Amino acid sequence: MKKRFAIGFFGLMIGLLSGCATTPPRADIDRSVVAKGQEDRVQFIILHYTAIDQPTSLRVLSTQDVSAHYLVGNENPIKVWQLVDESRMAYHAGYSDWRDFSRLNASSIGIEIVNLGYKETPDGRVYFPFPQAQIDRVIALVKDIATRYHIRPQYILAHSDIAPQRKPDPGPLFPWKQLADAGLIYWPDASAVAELQPTYEQQLPDVKWFQQKLAKIGYKIPQLGVMDEPTKNVIAAFQMKYRPEKFDGVPDAQTAAMIDVLLSKMTP
Ligand SMILES: [Zn+2]
């Protein structure tokens, strides 16, 4: 009896010394019955650009309140850092919304991609391109995470999707089409869009139509039927992702066709 106590105490001490990360399962809780209604806590993958260079990105994301689970560098050879354990929350999304979800830090894995963002020039805003080797690493990383957590294609998103009123990243040069080609997200295929577009050229849907459809995709967008600033920003966010050549936030026939084609592919 005395000896058993000694072993138990010794075991406890080892447990304490090795830290609290692995709490031993409690023997007095019955785990033989498992609930049907459950899924992974991680539902989303959110992509960002850092808007600062690689050394600064690494320093800021590791020493300040803002953080991300992963950082993908842009210096050769391309390096990927994991800065926050996937079981923990990183602070990358801020105020954010998608479908019924808000404040997506709690339900997402955040990936920061080193990229300087944009600079203002006399000819307008110019964005910095992403090296292909960097995109390859991003796609491999997204694929790995999406597979492990069974993440839906419509839940792999840009920061600009979930915070369209305040965030432009990862910007118009991020090649979302490559993620679609890798089977990670849905895409409004050009042929289907071209087929549908003439219908909308004859009669462009009203603002309410755009608001309802974009809300159905997942965007937080006003439903007032008027072309207000927040509505324009959401349309611009959609265009920036699927039609980066022109993302002025003005509703047009091609955008309408893209919205419809995309929605037709989405599973609930
Ligand atoms: Zn961001």
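Residues numbered from 1 in each chain as written. Predicted model: local features only at pLDDT ≥ 70, side-chain atom pairs only at ≥ 80, totals over all residues. Heavy atoms only, no water.

We now examine the domain arrangement of the protein. As assigned here, the protein comprises domain 1 (40–181) and domain 2 (190–265). On a C-alpha basis, the centres of domain 1 and domain 2 stand 24 Å from each other. Contacts between the two partners involve 15 residues from domain 1, matched on the other side by 14 residues from domain 2. Between domain 1 and domain 2, the buried area comes to about 1200 Å², and carbon and sulfur atoms account for 56% of it. Between the two partners, domain 1 and domain 2, sit 2 salt bridges. Where Asp97 meets Lys220, a salt bridge forms, and the shortest distance between an N and an O atom there is 3.9 Å. (Domains from an automatic or database assignment. Contact = heavy atoms within 4.5 Å. Buried area = accessible area lost by both parts, 1.4 Å probe. Salt bridge = Lys/Arg side-chain N within 4 Å of Asp/Glu carboxyl O.)

Turning to the environment of Ala256, a few remarks are in order. Here Ala256 is to be found in helix α9 (residues 253–265). For Ala256, a relative accessible area of 0% corresponds to the buried category. Taking the C-alpha atoms as reference points, Ala256 and Ile109, separated by 147 residues in sequence, lie 30 Å from one another. (Helix = DSSP H or I, 4+ residues; strand = E, 2+ residues; numbered from the N terminus. Buried < 20%, exposed > 50% of the residue type's maximum accessible area, 1.4 Å probe, protein only.)

Below, the discussion takes up the side chain of Ser108. On the secondary structure map, Ser108 appears in strand β6 (residues 108–113). Side chain to side chain, Ser108 and His92 meet in a polar contact 3.0 Å long. For Ser108, the side chain forms a polar contact with the main-chain oxygen of Leu104, separated by 2.6 Å. Setting aside residues no more than four positions away along its own chain, Ser108 makes contact with Val42, Phe44, Ile46, His69 and His92. (Polar contact = N/O pair within 3.5 Å; in protein donor to acceptor, adjacent residues only side chain to side chain.)

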